[in-house]
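Notes for the structure review
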Amino acid sequence: MIGSFAMLVVGAAVVFLLLHAIPGDAAIAALGDSASPDAIAAFRAQHHLNDPLAVQFWSWAQAALTGDLGQSISLAGGFSTAALIAGSLPNTLFVGAYALILAIAISLAGGSIAASRHGRIEDVLATSGAIVTISLPDFWLGYVLVLVFSLGFGWFPAYGFTRPGDSLAGAFHSGFLPALAIAVPMAGILSRMLRATLLETFRRAYVVSAHAMGFGRFFIFWHYVLRNALIPYVTAIGLQARYLLGGVVVIERVFGVPGVGSVMVDAAFARDYGVVQGCAVVFLLIVIATNLLVDTICGLLDPRRTA
Amino acid sequence: MTPGRATGGMWYTFRTNRVAQAGGTIIVSTLMAILLVRLLSPYGPNEKDYMSILHMPSLAHPFGTDSFGQDVLTRVVYGAQVSLIISFGGLILGGLVGSVIGMASGFWGGVLDAVTMRFIDLLYSFPTYVLALCLMLLLGYGSRSVSLAIALVYVPNFARLARSMTAATRAENYVTAARLMGQSPTRILLREILPNIAAPLLVQFSAGLGFGIILEAGLSFVGLGVQPPTPSLGVMMADGKDYFQKAPWVLTLTGVSVAWIILGLNLIGDGLRDALDPQLRRRLS
Amino acid sequence: MSISRRHLLTGIAGAVATNAAPAGLGQYAYAAVANGQTLRAALTGFSVMNTLDPGKAAVNPEFFIIWGMFNTLVKFDAGMKVVGDLAESWTNPDPTTWEFRLRKGVRFHDGSEMTADDVVFTFERIADEKFGSPVRKRMATVTQVVALDPYTVRLKTDQPFAPLLSALTNTRTSTQIVCKKAVLAMGNEQYGRTPIGTGPWKLKEWRPNERLIFVAHTEYFESGLPRCGALEVPLIKDDASAINALAAGGLEFVNAVPYGESDRLQHMQGVTFSSVPGLNARFMALNIQRPPFDDVHFRRAVSMSINREAFVQAAVFGQALPSQGYIPKAIGWAYDDTPHEYAQFNPVRAKEELAKSKYGAGTEAVITGFPDAWWKRMIEVFVDMSNNVLGVKFRVELQDARTAYSRWTQNDGQAWSMGWIALCDPDEYLFDCFHSTGWRNFSKYNNPALDKLLEQARQELDREAKGGPLYKQAERLIADDCPSVFLMNTFSNSAVLAKVKGFEHTPYDGFGAQLAPMSIS
């Protein structure tokens, strides 16, 4: 617990220093090209941008500890950072979860088939398909999907995302192409991982003896093989979490999903440090939570496993 | 099990593995194209021809032309060189730094290990793209900054892998023997441990090369990467996306080229992993 | 325009519900709107939007929205002539006094009436140092604003100031009239997030980084407007995505079509494409204090090495007018179209000037630009052309827009690929940029003869007849020195779906101001 908390603080401090090392500041971003010298000076004074770095960080940290992540000053002035994050995080989580479900579905099917038909044509097809999909840049895939399924067949909107809060059906509809673009390379990675661990588990002593003892094939697969193979599989899924949070920014841009990664990137361009730090802290919290979740699931899958 | 024999057997397995052969063919053909493009292509990579912008693929321009009239195929080959160098450089740097950190951490353990891995975890938890972006803003755009960003992103991967492998290997008999004999830690790390953990690190390296190219492409895609007029695969995809509906071949063909190269790298990585498999399992179980 | 029975009934119901003022005040039939249509108009290429308070707004996207929510005393028509907006008429009793007669019965979004008090409050607020408006210095020439009666306002300036009317238009001038009662009631901070104006669109919801949602202001003073009942403005970062959305029918209007897509959109079914020469100037800003651009012969050489017609074709696919000065053609009365020697493509003369300069072929310089869209093309083509003609070795350096801009303001660099948009007055183009005290004169260009001309033009209230020639002369003076390499004046391109009627394209990209007359059939 203390370790995680210390990580958060250090993480925030590192982000803070990194941002302040970048040339340019929030004043120019907010005031644009009507930024006369005294307008800039007034802006800096108003937002305490001239205070020593330690002082600025300390006042941010103090507020953050009480849950007040401050306000945006040069991206969406006046809106609280919490509001910006709260407005965008659900979108990222929705599309991320959507992509994950698609990837899990595809990879469970593909990986299991490839492993159980090891060496035969289904295996070769599935494995080659997986390798090719891993090699595709996901934003490129996004554009191709738009070209074919949106502008071509017209089944999905080419741009724009309906929030789940506004319309769940709309969210599923407009979120399909971005989720698919993210899911396809991920499914490739996961299905290869699953295939490899399944193959390995097949050869384990307890599985061979279960066969010898005459248990049903499906029973063996479900109780002995899958539960053990899933542990590294679930761990691999957990590792995708950090990618789903911030790595899908380009996809978010292509499809217009107003996600938290875009907020962070735009805030970085606008030198809105408070927003970037707030987002960074939220990211870290989510990653920590995901790691806990993954560990719990793995523990459930295999009662013999210790931390 | 002496260290020397492990590598001998592994190389043979790798060499004859069909997957690795396929990957090797792809990469070797790419490298040949890169070496020979200067001789074979009638176009320079930056030769602008404002009269022939966005022409469809033809005999004169097998991949068509881009929005400045530059030959896309020539630029893809030069761009592949640039992207590979950037990715390679970044991975080597990240790999070296990460491996050193991981090996030290795994070998000595204790407080050093705990604190270092916390920092590594922190770095690892940070969203890749945003980390790279902030670094680009800090260092300025350009190939060198992209390499550094890739290096930074990969340090945690190598550190974690090196650490867990070093910690496992440390318990082996021959390492204990070397320590008892009074060999200096550095010698032990270099002579006993490193050769045995090198293989998984290599697998990580080959996988990372592909991702490094994608990261470079992603950064150049939003304009933060390589400076014009230097071509890179990412720069070309960015240009292609701006004119995607008028001239879909630029983005499509460049994307296919990127996938081709990464496919080759992944196949080699797979071959490596397959070759390692017997050794890996024995070491880790 | 025929009004259906349903519209009429809804309109009457609306008027009865919202009209609390006694009969006789309204000269306008309150708009019988509420036709249930939602207009989806996308703003592209931006992501920063900090405030919708006209007194504080500073960047383009903020103004684009403000133009739909507020009005000013006067506005430009499509021909860039000043006509009345909230003011019916105005007079100059003497060169430093301006009197405006306001329209009666104009309602704010909260139903209260706009009077001279609001106008006075607006200007006092801008002049207030503590408020910190970006245009305070610019409006400092206004020394006094007084309400003579509820519908008459008098402004006094310290000297005759001809550009005053431009500064009072509904462009990027921050002089949009705010609602005094609302500002005092909710405070400046809140007003920037939930503003109350007189414009045709009333803000319903602002989702930062995503979209803004408006409803029609049923009591808008121009009867019959807005024609649609609601407006949605998605903020789309990527230009190409916006075009995709338009083509798929997900949007009705895109304000900025990427230049590469123009020909495709012109021929696209179901889409109407519109292109007018815009109000902007694109140029290479030069640091005249540092080598190599400190030498006037070198600057002239570079300027003459660019074939501007070819440049326009290559950089923006022909969607611009080659230019030799700052003032765009849209401001016809001040635009100088006599050819300037140093702005014409002439490789022979260019090499002669190069020979006269301190620096020869092989001179290196770094040109800074930003990587967004066609800015990148502009800088790449420029470097390619000048390198090829002169044999110099210019290099491109891309930085993100804010860093590049802030370096320019500090004169930290050698040259920048830059532009000004939506400056609407020749005084802004020339005085701000080239007068020795001009605040956009980052490179400290100093030409006393020019200073005198510009000061004179500023005070010349008979602008078209007497001011115009002064500005033209000023342009020619500047052209001799080449403190910038003037390149082009890009078109403003917009696209609407064919089923949308009523779109009138203004040269200053007046996004929010163009939306009210639009309807979907």
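Residues numbered from 1 in each chain as written. Chains lettered and ligands numbered in written order. Predicted model: local features only at pLDDT ≥ 70, side-chain atom pairs only at ≥ 80, totals over all residues. Heavy atoms only, no water.

1. Describing the overall build of chain A
The secondary structure content of chain A amounts to 14 helices and 0 strands. Mapped from its N terminus to its C terminus, chain A presents α and β elements in the order α-α-α-α-α-α-α-α-α-α-α-α-α-α. Overall size of chain A, expressed as C-alpha extent along the three principal axes, is 85 × 55 × 35 Å. When burial is assessed residue by residue, chain A has 56% of its 307 residues classed as buried. For chain A, long-range pairs separated by at least 24 residues make up 70% of all intrachain contacts whose partners lie at least 6 apart in sequence. As displayed, chain A has an accessible area near 12900 Å², and 71% of this comes from carbon and sulfur atoms. Computed over 15 positive and 15 negative side-chain charges, the separation of the two mean positions in chain A equals 19 Å. (Helix = DSSP H or I, 4+ residues; strand = E, 2+ residues; numbered from the N terminus. Buried < 20%, exposed > 50% of the residue type's maximum accessible area, 1.4 Å probe, protein only. Contact = heavy atoms within 4.5 Å. Areas by Shrake-Rupley, 256 points an atom, 1.4 Å probe, with all protein chains shown as cover. Lys, Arg positive; Asp, Glu negative; His and termini not counted. Charge placed at Lys NZ, Arg CZ, Asp CG, Glu CD.)

2. Quick word on the side chain of Ser88 of chain A
All names here are of chain A. With respect to the element layout, Ser88 can be found in helix 5 (residues 81-116). Classification of Ser88 as buried rests on a relative accessible area of 3%. Other than its neighbours up to four places away in sequence, Ser88 contacts Pro258, Gly259, Val260 and Val263.

3. Digging into the packing of aromatic side chains
Here the structure, examined in full by the defined rule, presents 44 aromatic pairs over all chains. Both rings, one in Phe153 of chain A and one in Trp155 of chain A, keep their centres 4.7 Å apart while their planes meet at 20°; by these two values the pair is stacked. Considered together, Phe153 of chain A and Trp155 of chain A belong to a single accessibility category, that of exposed residues. With a centroid separation of 5.5 Å and 85° between ring planes, the pair formed by Phe88 of chain B and Phe205 of chain B is classed as edge-to-face. (Phe/Tyr/Trp six-rings, centres within 6.5 Å; stacked < 30°, edge-to-face > 60°.)

4. Quick word on the nonpolar core
In this structure, Ile65, Leu73, Leu212, Phe311, Tyr326, Phe382 and Leu430 of chain C are the most contacted members of the largest nonpolar core, which totals 339 residues. Aside from chain neighbours lying at most four places away, what touches Ile65 of chain C is Leu43, Met49, Leu52, Leu212, Phe214, Val233 and Phe511 of chain C. (Core = buried A, V, L, I, M, F, W, Y, C linked by side-chain atoms within 4.5 Å.)

5. Description of the side chain of Ser72 of chain A
All names here are of chain A. Assignment of secondary structure puts Ser72 in the loop between helix 4 (53-65) and helix 5. A polar contact is formed between the side chain of Ser72 and the side chain of Asp272, at a distance of 2.6 Å. Residues contacting Ser72, with those up to four places away along its chain left out, are Gly77, Gly78, Phe79, Thr81, Leu84, Asp272 and Val275. (Polar contact = N/O pair within 3.5 Å; in protein donor to acceptor, adjacent residues only side chain to side chain.)

6. Things to note about the packing of helix 5 of chain A against helix 9 (residues 176-202) of chain A
Helices that pack against each other are described as a pair by the angle of their axes relative to one another and the distance between those axes. All names here are of chain A. The contact between helix 5 and helix 9 brings their axes to 6 Å, and the two run at 35°. Between helix 5 and helix 9 lies a crossing whose hand is right-handed. A class-by-class count of the residues in the contact of helix 5 with helix 9 yields 23 nonpolar, 5 polar and 1 charged. (Axes fitted to C-alpha atoms, helices over the stretch in contact; angles between N-to-C directions. Left-handed = near helix turned anticlockwise from the far one by under 90°. Nonpolar A, V, L, I, M, F, W, Y, C, P; charged D, E, K, R; others polar.)

7. Some remarks on the interface of chain A and chain B
With 42 residues of chain A at the contact, the number on the chain B side is 41 residues. Contact between chain A and chain B buries roughly 3800 Å² in total, counting both sides, with carbon and sulfur atoms accounting for 77%. If you look at where chain A meets chain B, you find 0 salt bridges. Counting the contacts that link chain A with chain B gives 3 residue pairs in polar contact (both at pLDDT 80 or more). Element by element, the count of residues in the side of chain A that touches chain B is highest for helix 1 (residues 2-21) of chain A, at 9 residues. Of the residues belonging to the side of chain A that touches chain B, the class tally is 31 nonpolar, 6 polar and 5 charged. (Buried area = accessible area lost by both parts, 1.4 Å probe. Salt bridge = Lys/Arg side-chain N within 4 Å of Asp/Glu carboxyl O.)

8. Quick notes on the pairing of strand 8 (residues 201-207) of chain C
Residues and elements named next belong to chain C. In terms of strand pairing, strand 8 meets strand 9 (residues 211-216) through 6 bridges, oriented antiparallel. The residue of strand 9 that forms the bridge with Leu203 is Phe214. Turn length for the strand 8-strand 9 hairpin, with the two strands adjacent in sequence and antiparallel, is 3 residues, and the turn residue Asn209 shows positive phi of about 70°. (Pairing = 2+ DSSP bridges.)

9. A look at the sheet that holds strand 4 (residues 87-94) of chain C
Residues and elements named next belong to chain C. Within the open sheet, the 4 strands sit side by side as 4-5-7-6. Their pairing is antiparallel. If you trace the sheet from one side to the other, it starts and ends with strand 4 and strand 6 (142-149), each paired once. Neighbour to neighbour, the strand axes of the sheet diverge by 20° on average, direction disregarded. As paired strands, strand 5 (residues 97-102) and strand 7 (residues 152-157) are joined by 5 bridges and run antiparallel to one another.

10. Comments concerning the pairing of strand 7 of chain C
All names here are of chain C. The pairing of strand 6 with strand 7 spans 6 bridges and is antiparallel. Pairing of Val145 across the sheet is with Leu155, part of strand 7. Following strand 6, the chain reverses through 2 residues before pairing antiparallel with strand 7.

11. Description of the layout of surface pockets
The volume enclosed by the second largest pocket comes to roughly 1100 Å³. Surrounding the second largest pocket, 45 residues form its lining, Gln46, His47, Gln71, Ser72 and Ile73 of chain A being those nearest its centre. Broken down by secondary-structure element, the contributors of at least two residues to the lining of the second largest pocket are helix 1, helix 2 (26-31), helix 3 (37-46), helix 4 and helix 14 (273-301) of chain A together with helix 5 (180-193) of chain C. Counting residues per element, the lining of the second largest pocket draws most heavily on helix 3 of chain A, which supplies 5 residues. A per-class count over the lining of the second largest pocket returns 16 nonpolar, 19 polar and 10 charged. (1 Å grid on protein atoms, 1.4 Å probe; cavity = no way out; pocket = protein on both sides within 12 Å on 5 of 7 lines; lining within 4 Å. Points joined across faces, edges and corners; volume = space filled by probe spheres on them.)

12. Considering the interface of chain A and chain C
Facing 38 residues of chain A, the contacting portion of chain C comprises 33 residues. For the pair chain A and chain C, the two sides together bury roughly 3300 Å², of which 54% comes from carbon and sulfur. Counting across the interface, chain A meets chain C through 2 salt bridges. For Arg163 of chain A, the salt bridge identified is with Glu210 of chain C, shortest N-O distance 2.4 Å. At the boundary of chain A and chain C, one finds 8 residue pairs in polar contact (both at pLDDT 80 or more). Among the secondary structure elements, those contributing two or more residues to the side of chain A that touches chain C are helix 2, helix 3, helix 7 (138-152), helix 12 (249-255) and helix 13 (260-269) of chain A.

13. A word on the environment of Met213 of chain A
Residues and elements named next belong to chain A. Looking at the secondary structure, you find Met213 in the loop between helix 10 (205-212) and helix 11 (217-247). When its relative accessible area of 60% is taken as the criterion, Met213 is described as exposed. Taking C-alpha positions, Met213 is 30 Å from Ser107, a pair spaced 106 residues apart along the chain.

14. Focus: unusual backbone geometry
The omega torsion across Pro228 of chain B and Pro229 of chain B is 0°, close enough to zero to call that bond cis. By the secondary structure assignment, Pro229 of chain B is in the loop between helix 8 (185-221) and helix 9 (233-242). The peptide bond linking Leu225 of chain C to Pro226 of chain C adopts the cis configuration, its omega dihedral lying at -10°. Along the chain, Pro226 of chain C falls in the loop between strand 9 and strand 10 (230-236).

15. With respect to the packing of helix 2 (residues 18-40) of chain B against helix 3 (residues 72-108) of chain B
Residue and element names in this part refer to chain B. Contact geometry for helix 2 and helix 3: axes closest at 9 Å, N-to-C directions at 130°. In this view, helix 2 runs oblique relative to helix 3, as classed from their interaxial angle. Two packed elements cross with a definite hand, and for helix 2 against helix 3 that hand is left-handed. The segment helix 2 lies against helix 3, with Ala33, Ile34, Val37 and Arg38 engaging Thr74, Val77, Tyr78, Ala80, Gln81 and Leu84. A class-by-class count of the residues in the contact of helix 2 with helix 3 yields 7 nonpolar, 2 polar and 1 charged. (Parallel < 35°, antiparallel > 145°, perpendicular 65-115°, else oblique.)

16. Side note on the environment of Leu39 of chain B
Along the polypeptide, Leu39 of chain B turns up in helix 2. It is 39 Å that separates the C-alpha atoms of Leu39 of chain B and Leu131 of chain B, two residues lying 92 residues apart in sequence.

17. Section: empty space enclosed by the protein
Residue and element names in this part refer to chain C. This structure, assessed with the given rule, holds 11 cavities of 30 Å³ or more. Counted as a void, the second largest cavity has a volume near 140 Å³. Along its surface, the second largest cavity is lined by 16 residues, and Cys433, Phe434, Ser443, Pro483 and Ser484 are the ones closest to its centre. Contributions of two or more residues to the lining of the second largest cavity are made by strand 13 (280-286) and helix 13 (426-434). Sorting elements by how many residues they give to the lining of the second largest cavity places strand 13 first, with 3 residues.

18. Concerning the pattern of salt bridges
Following the criterion strictly, the structure yields 32 salt bridges over all chains and no others. The residue Asp266 of chain A makes a salt bridge to Arg253 of chain A at a minimum N-O spacing of 3.3 Å. Here Asp266 of chain A, found in helix 13, pairs with Arg253 of chain A, found in helix 12; they are 13 residues apart in sequence, far enough to count as distant. Taken as a pair, Asp266 of chain A and Arg253 of chain A share a single burial class, namely buried. Between Asp121 of chain B and Arg160 of chain B there is a salt bridge, and its shortest N-O distance comes to 2.9 Å. With Asp121 of chain B in helix 4 (residues 110-125) and Arg160 of chain B in helix 6 (residues 143-170), the pair connects residues that are 39 residues apart, well separated along the chain. On the basis of relative accessible area, Asp121 of chain B is assigned to the partly exposed category, the value being 26%. Within the structure, one salt-bridge network assembled from shared partners comprises Arg163 and Asp166 of chain A together with Glu205, Arg207, Glu210, Arg211 and Glu232 of chain C.

Keep in mind that these numbers describe shape and distance, not what the molecule does.
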